[in-house]
Amino acid sequence: MIENLTRAATAESISDGPGSVITLLTDTDELTCNTASFEVGAAGAPVHFHTKATEFFHVTDGRLDVLVGDEVHTLGKGDFISVPPGVKHAFAPAAGHTAEVFVGFTPGMARFDYYRLLGRVRAGEATVQDIKDSSPVYDNHYAESEAWAGRLRSAEA
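So, here is what we can say about the structure in this document. Computed from a prediction, not measured in an experiment: that's the story for all the values here.

### Side note on the pairing of strand β7 (residues 80-83)
Across a regular strand the side chains alternate sides, sitting on one face of the sheet and then on the other. Side-chain alternation along β7 places Ile81 and Val83 on a buried face and Phe80 and Ser82 on a face that remains uncovered. Summarising the sheet, strand β5 (residues 54-68) and β7 pair through four bridges and their orientation is antiparallel. Residue pairing for β7: Glu55 is matched across the bridge by Val83.

### Examining the pattern of salt bridges
One pass over the structure, following the stated rule, counts four salt bridges. Measuring nitrogen to oxygen at the nearest pair gives 2.8 Å for the salt bridge that ties Asp113 to Arg116. One end of the pair is Asp113 and the other is Arg116, both in helix α1 (residues 112-122) and three residues apart, which spans about a single turn. Given a relative accessible area of 41%, Asp113 falls into the partly exposed group. Overlapping salt bridges, with partners in common, bring together Glu12, Asp113 and Arg116 in one network.

### Focus on the layout of surface pockets
In this structure, the largest pocket spans a volume of roughly 580 Å³. Lining the largest pocket are 31 residues; nearest its centre among them are Asp16, Gly44, Ala45, Pro46 and Leu118. Secondary-structure elements contributing two or more residues to the lining of the largest pocket are β1 (13-17), β2 (20-27), β3 (32-38), β4 (45-49), β9 (99-106), α1 and α2 (128-133). A total of five residues in the lining of the largest pocket trace back to one element, the largest contributor, which is α1.

### What to know about unusual backbone geometry
Each neighbour pair has its own omega, and for Thr106 with Pro107 the value is -5 degrees, a cis peptide bond. For Pro107, the location among the structural elements is in the loop between β9 and α1. With a phi close to 45 degrees, Ala110 is a non-glycine residue in the positive phi region. With respect to the secondary-structure elements, Ala110 resides in the loop between β9 and α1. Although it is not a glycine, Asp139 adopts a positive phi angle of roughly 50 degrees. Topologically, Asp139 is positioned in the loop between α3 (135-138) and β10 (141-142).

### Brief notes about the environment of His89
With respect to the element layout, His89 can be found in strand β8 (residues 89-93). Residue classification places His89 among the buried residues on the basis of a relative accessible area of 1%. In sequence terms His89 and Ala149 are 60 residues apart; their C-alpha atoms lie 12 Å from each other. Among residues more than four places away in sequence, those in contact with His89 are Pro46, Val47, His48, Phe49, His50, Glu55, Phe57, Leu67 and Val83.

Cut-offs and rules
- Residues numbered from 1 in each chain as written.
- Predicted model: local features only at pLDDT ≥ 70, side-chain atom pairs only at ≥ 80, totals over all residues.
- Heavy atoms only, no water.
- Buried < 20%, exposed > 50% of the residue type's maximum accessible area, 1.4 Å probe, protein only.
- Helix = DSSP H or I, 4+ residues; strand = E, 2+ residues; numbered from the N terminus.
- Pairing = 2+ DSSP bridges.
- Salt bridge = Lys/Arg side-chain N within 4 Å of Asp/Glu carboxyl O.
- 1 Å grid on protein atoms, 1.4 Å probe; cavity = no way out; pocket = protein on both sides within 12 Å on 5 of 7 lines; lining within 4 Å.
- Points joined across faces, edges and corners; volume = space filled by probe spheres on them.
- Contact = heavy atoms within 4.5 Å.

Quick look at the structure:
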């Protein structure tokens with residue numbers, strides 16, 4: 001018995017920023033999964049943490065910078081990393097690279113509406129304040145990181 005099947009041809013895709021597309025795969029109580037496609041220079045996800053879920057990343061193509069705590073790791077095709085609850089993290093394509101990433105959360109958290117909210121902000125139909133206000137609903141809490149800010153300054157130099 002197949003409880004959850006998503007076909008590539010019918011999967012919902014959302015642009016959450018310039019050069020960034022999220023494709024929604026599954027969103028159950030046990031597991032939330034999507035893919036993220038980043039063009040060169042895409043912003044990726046800002047520094048944040050989750051209180052309930054482990055988030056994991058598997059790079060299927062390109063190169064991805066991932067902040068975990070205060071350390072930035074550059075992952076290549078085939079690399080995997082997981083981030084436990086409470087640990088701040090961020091991710092974006094490495095400078096000068098694209099990235100294709102399989103992203104998951106366990107347990108799941110009805111997160112697809114969060115991604116849809118990001119798409120509505122990009123379309124001008126919602127505000128950044130709406131995202132901030134949704135933090136407790138989607139367990140997505142924004143934070144600061146000097147290590148991540150330093151990565152951005154280095155890429156701009």
